[in-house]
Amino acid sequence: MKTWALEKYTVRDVLEYRGHPQLQHTVRESDTVEDALELMYAHDIVSLPVFGGSGQTDQAFVDIVSVYDLRDYITNSQGLKEEVDFQILSGRASGKPTVLDDTVAQVVKSRKHASREVSMRMPLEQLVQLFATYGQHRVLVTATDMDNDTHANDDNAQVPNGTRKRGVSVDSGCSSASMQSNAHTVCGLTQYDVVRFIQHHNHELGSSLDTPILNVARVHAPLEPSARGHMPHITIRDTALRALVLLRDSHNSALPVVDADGRLVTEFAATMLRGLTASSIGLLGKPVLAYMFGLRMPVLSPYIVHENFTLSQVMSGLLRMNCRRAWLVDREERPVAVISLTDVLNHFL
């Protein structure tokens, strides 16, 4: 649904609303995959700015690496299954180098895409389109001077390759970052930041927020026991490794975990990789709930909505609970759709 009220806003407006916090958590190209996962787990974040160079004063900004990048890199590793099987059978690590010993630089190099760089003068509508249409989860915003943007024509430039707190972006490790690189100020913006901005201006959006959530979600047939060809999902008996591979191949950030009757139990997301270490890789060979227990992760109750919800109610819930998605269930509590931040943003195009 085209929302004309958003046409007067730009990326600068979103940044000014969100603010420019100081950079807190970063990784270097030479850091390992395990280092990045550990840092993400410790601070409950999903993205980290990557710096290169040597020494304390020579730190060139490279890119942003996310837990989704790490998921794809880890699950594509040739020796992963062998190490998982060894640890399951022996109860200990093999002592051989694992994919978690690879460097962040290798992860960045392996990606098929890089973070997008946009101008502060880019219209908000174009940024929403970048997020919703092209599947971008975060962008880089650069300007020589944050008060005097000189990159007006660089809108489409590209750069090289538990418990949550309310009001803090779920991608805070990326979106709360502002840094100096090559005399340019670099900030990150995420889908979550834009949804928060839109919700803040809900009084300007009129009836578009009253849209039934059924008109926003891509609804699948209800999940029947042992049914095939329905919404991508995993059962409580599936292993964590199978879940991660399915996440990668289906290009989803999370999957519903269902019981034998197809009822929603919890969700399994790429963020579940955070906290994984070389000595605990064997847990990937266990059922998803056993994997969570093994890494001392809470089995969170997912954010559930029903067909009588409106877009406004779902947006409010996502922001209030600081969630990345909502699960639409039928009367038997079987998931029939997931409403992601991408779906929400796509509605306003």
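Here the structure is a predicted model, which is why all the values come from computation and not from measurement.

Parameters and conventions
Residues numbered from 1 in each chain as written. Predicted model: local features only at pLDDT ≥ 70, side-chain atom pairs only at ≥ 80, totals over all residues. Heavy atoms only, no water. Pairing = 2+ DSSP bridges. Helix = DSSP H or I, 4+ residues; strand = E, 2+ residues; numbered from the N terminus. Buried < 20%, exposed > 50% of the residue type's maximum accessible area, 1.4 Å probe, protein only. Salt bridge = Lys/Arg side-chain N within 4 Å of Asp/Glu carboxyl O. Phe/Tyr/Trp six-rings, centres within 6.5 Å; stacked < 30°, edge-to-face > 60°.

A. Spotlight on the sheet that holds strand β10 (residues 264-269). One open sheet holds the 3 strands; their spatial order is β8-β9-β10, and the pairing between them is mixed. Two strands close off the open sheet at either side, each with one partner strand: β8 (234-235) and β10. Pairing between β8 and strand β9 (residues 254-258): 2 bridges, direction parallel. Opposite Thr235, over in β9, you have Val258 as the bridge partner.

B. Region of the structure containing the environment of Glu125. Position of Glu125 among the secondary structure elements: in helix α6 (residues 124-134). For Glu125, a relative accessible area of 30% puts it in the partly exposed group. Residues Glu125 and Tyr9, 116 residues apart in the sequence, show an inter-C-alpha distance of 8.0 Å.

C. The arrangement of the pattern of salt bridges in detail. Enumeration over the complete set of coordinates arrives at 15 salt bridges. Put simply, Glu82 and Lys96 hold a salt bridge, and the shortest N to O gap is 3.8 Å. With Glu82 in helix α4 (residues 80-90) and Lys96 in the loop between α4 and α5 (104-110), the pair connects residues that are 14 residues apart, well separated along the chain. There is no split in this pair, since Glu82 and Lys96 are both exposed. The salt bridge partner of Asp238 is Arg242, with a shortest N-O separation of 3.6 Å.

D. Spotlight on the packing of aromatic side chains. Enumeration according to the criterion identifies 3 aromatic pairs in this entry. Look at Tyr9 and Phe197: their rings are 5.2 Å apart centre to centre, the planes differ by 85 degrees, and that puts the pair in the edge-to-face class. Judged on exposure class, the residue Tyr9 and its partner Phe197 are both buried. With a centroid separation of 5.9 Å and 70 degrees between ring planes, the pair formed by Tyr17 and Phe197 is classed as edge-to-face. Clustering of aromatic rings is evident, with ring pairs tying together Tyr9, Tyr17 and Phe197.

E. Structural context of unusual backbone geometry. The backbone of His251 sits at a positive phi, close to 55 degrees, despite the residue not being glycine. Position of His251 among the secondary structure elements: in the loop between α9 (240-250) and β9. For His251, a relative accessible area of 72% corresponds to the exposed category. Located in the positive-phi region is Glu333, a residue other than glycine, with phi close to 65 degrees. Mapped onto the elements, Glu333 comes out in the loop between β12 (325-329) and β13 (335-340).

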